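Tertiary structure, described
So you can see what is in the structure, the chains are spelled out below.
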Amino acid sequence: KTKQELMKQFKVKATGTQTIDLLSELFKGTLNESQINNTYQSMIEKMDLIANVFPIIDGSASMNTGIVHKDVHLTNRQIAYAMAIAFSTRNPVEAFRNTYGWFSSNFTICGRSKFVNEAPNPYVDKSKFTKKVADHQVISETKNFTDNLRALAAADPQEISRTNMFSSVEYFVELVKGGKFHAEDLPSALLYITDNENNTGKTPKEALAHANAIGWNPLLIFWGLSSMSDNTKQQLKGLPNTLFVGGFNEGALSQILRGIKTGSINPETELWSIYNDVRYSVLN
């Protein structure tokens, strides 16, 4: 209520602003944190975020490379932090809200999550099998953007040795095999915020087959922060139930997913869902 009263006292113009713009302004120091947070809040409240996805951040070493935006060097890791905040704190699925995953050599979930994998065998040390989950809320929709950004960066496990992207799929499959969950309890879409490199573990085709074996048919969404490597392109060529998105506007994902009318994704889906969007009807 206090925030709503204060917001009435000023207007923030966020039209055309993207998260990456605010990130650059934050590091450049041209805007103070209050200005950054107010602009972000205005932007995010106008943003169309209806995507039912479980966000997963690429924590591998290659994410330390990046781009120069508005004269500020930003690493892909920093950009991934910022974008994950929107997808996590605004998640329409309450069970997934304020949680997210990391992958490098292994897969880790952060936040208060029901997806905790404990070994059912009473005769072994379960700590060897337990995927550790933070016992506190790392990020939250009740916090402002800069506080969430710092909290998420501090929670980074800094395991950067490899890029085992589909350790995430193995993790969720084991939850079902262990009898703790049913396939329908698992996320329907995994959103990888990544530089699109995968050099360890299962290939995308093997990962989907592994998921399908338990009756789980997740949509794999690759949000590329940089160009896809030739190796990754070859691995994903002609693979069903995969979606490729780029850029730095989180709202684009909901726009794309809204246009999907069947349970399977075709290569043309992304293009036609945008083309048929009501907001562009005047141009069609």
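Located above this text is the structure these notes cover.
First, a word on scope: everything that follows refers to the structure included in this document. (Residues numbered from 1 in each chain as written. Predicted model: local features only at pLDDT ≥ 70, side-chain atom pairs only at ≥ 80, totals over all residues. Heavy atoms only, no water.)

**Comments concerning the overall build of the chain**
- Within the chain one finds 10 helices and 8 strands.
- The 284 residues of the chain split such that 48% are buried.
- Looking at the chain as shown, the accessible area adds up to about 14400 Å², and 51% of this sits on carbon and sulfur atoms. (Helix = DSSP H or I, 4+ residues; strand = E, 2+ residues; numbered from the N terminus. Buried < 20%, exposed > 50% of the residue type's maximum accessible area, 1.4 Å probe, protein only. Areas by Shrake-Rupley, 256 points an atom, 1.4 Å probe, with all protein chains shown as cover.)

**Concerning the pairing of strand β4 (residues 100-103)**
- The two faces of β4 match: Tyr100 and Trp102 on one face and Gly101 and Phe103 on the other face are all buried.
- Relative to β4, strand β1 (residues 54-58) runs parallel, the two sharing 3 bridges. The partner of isoleucine 57 across the bridge, within β4, is tryptophan 102.
- As defined by bridge partners, β4 adjoins strand β5 (residues 107-110) across 4 bridges and the pair is classed as antiparallel. Across the sheet, tyrosine 100 pairs through a bridge with cysteine 110, a residue of β5.
- If you look at the hairpin formed by β4 and β5, you'll find 3 residues sitting between the two strands. (Pairing = 2+ DSSP bridges.)

**Concerning the packing of helix α4 (residues 76-89) against helix α5 (residues 145-154)**
- Running from amino to carboxyl end, α4 crosses α5 at an angle of 110 degrees, the nearest separation of the two axes being 10 Å. In terms of orientation, α4 and α5 fall into the roughly perpendicular class. Residues Tyr81, Ala82, Ala84, Ile85 and Thr89 of α4 form the contact with α5, whose participating residues are Phe145, Asn148, Leu149, Leu152 and Ala153.
- The residue inventory of the contact of α4 with α5, partitioned by class, reads 8 nonpolar, 2 polar and no charged. (Axes fitted to C-alpha atoms, helices over the stretch in contact; angles between N-to-C directions. Parallel < 35°, antiparallel > 145°, perpendicular 65-115°, else oblique. Contact = heavy atoms within 4.5 Å. Nonpolar A, V, L, I, M, F, W, Y, C, P; charged D, E, K, R; others polar.)

**A few points about helix α9 (residues 251-258)**
- Burial within α9 is extensive, with 6 of its 8 residues counted as buried.
- Regarding α9, the residues found buried are Gly251, Leu253, Ser254, Gln255, Ile256 and Leu257.

**Considerations on the nonpolar core**
- Counting residues in hydrophobic clusters, the biggest one holds 46 residues, and the most contacted among them are Leu152, Ile221, Leu225 and Leu253.
- With 9 residues, α4 is the largest single contributor of residues to this core.
- With near-sequence residues (within four places) excluded, isoleucine 221 lies in contact with Val53, Ala189, Leu190, Leu191, Tyr192, Leu243, Val245, Leu253 and Leu257.
- Judged by nonpolar contacts, the second largest core, of 29 residues, contains Phe107, Phe115, Phe172 and Ala211. (Core = buried A, V, L, I, M, F, W, Y, C linked by side-chain atoms within 4.5 Å.)

**Observations regarding the sheet that holds strand β6 (residues 189-194)**
- Strand order across the open sheet formed by 6 strands is β5-β4-β1-β6-β7-β8, with mixed pairing between neighbours. Edge positions in the sheet fall to β5 and β8 (242-246), since each has one partner strand and no second. Recorded for the sheet is a direction-independent mean angle of 25 degrees between the axes of neighbouring strands.
- Against the sheet, α4 makes contact with β1, β4, β6 and β7 (219-224), and its axis sits at roughly 160 degrees relative to β6, the strand it touches most.
- Across the face of the sheet, helix α6 (residues 167-177) comes into contact with β1, β4, β5 and β6 while running at roughly 70 degrees to β5.

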